[in-house]
Amino acid sequence: MDVFQEAEMLRKVPFFGGLDSAKLKLLAFTSHALKFAPGEALMRKGEPADNAYVILEGEVEIVGETNAGEFIVAVVGRNELQGEMGVITNTPRGATVRAKA
C-alpha cells in the first residue's frame, strides 16, 4: 500500500477527517503498520502513552479491572482511534487495549 492509499484510509477515521490531503499524507508517511495476535495487548493500563493506534482491520477490546478481575468495557473496530488521549494529555494509559480473540 502506498502513502496515498494510507492517507485515504486515515481520512475515514473521524479524528483525522478534517485534515487536508497534505497533512494526511504526512501522517501516513510517518506511521507504522503493526499486526497484533488475538489477545495481544496494544497498550496496558499505567504504561506511558507514547503513541496512538488506528484500527484498520479486526477489533480490539478495551479492558477494565476490578479486584474481582477483568471485564470488557467496549469493543471497537475499523477506523477507530485508540490511545490518543494519553498522548494528547501526556498521561499514562487509562486502560488496557488488546486485539480481540
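Residues numbered from 1 in each chain as written. Predicted model: local features only at pLDDT ≥ 70, side-chain atom pairs only at ≥ 80, totals over all residues. Heavy atoms only, no water.

A. Representation of the overall build of the protein. Counting its regular elements, the protein contains three helices and six strands. Listing every helix and strand of the protein by position from the N terminus yields α-α-β-β-β-β-β-α-β. Its C-alpha atoms give the protein principal-axis dimensions of about 50 × 30 × 20 Å. A burial count over the protein gives 31% of its 101 residues as buried. (Helix = DSSP H or I, 4+ residues; strand = E, 2+ residues; numbered from the N terminus. Buried < 20%, exposed > 50% of the residue type's maximum accessible area, 1.4 Å probe, protein only.)

B. Main features of helix H1 (residues 3-11). For H1, every residue scored as buried is listed here: Ala7, Met9 and Leu10. Down the axis of H1, the buried set is contained in an arc of 160 degrees. They therefore lie on one face. Of the surrounding elements, those touching the buried residues of H1 are helix H2 (21-29) and strand S2 (53-55). You can read the cap of H1 off the contacts: a side-chain oxygen lies 3.0 Å from the backbone nitrogen of Phe4, and it is on Asp2. (Arc of directions from axis to C-beta. Contact = heavy atoms within 4.5 Å. Polar contact = N/O pair within 3.5 Å; in protein donor to acceptor, adjacent residues only side chain to side chain.)

C. Spotlight on the pairing of strand S4 (residues 69-76). As defined by bridge partners, strand S3 (residues 60-66) adjoins S4 across seven bridges and the pair is classed as antiparallel. Across the sheet, the residue bridging to Val63 is Ile72, located in S4. Between S3 and S4, which pair antiparallel one after the other, the connecting turn spans two residues. (Pairing = 2+ DSSP bridges.)

D. How the structure looks around the nonpolar core. Counting residues in each nonpolar core, the largest one holds nine residues, listed as Leu42, Met43, Tyr53, Ile55, Val60, Ile62, Val76, Val97 and Ala99. Looking at this core, the elements with two or more residues in it are strand S1 (41-43), S2, S3 and strand S6 (96-99). Apart from the residues within four sequence positions on either side, Leu42 is in contact with Phe36, Tyr53, Ile55, Val60, Val97, Arg98 and Ala99. Counting residues in each nonpolar core, the second largest holds seven residues, with Val13, Phe16, Leu24 and Ala28 among its members. (Core = buried A, V, L, I, M, F, W, Y, C linked by side-chain atoms within 4.5 Å.)

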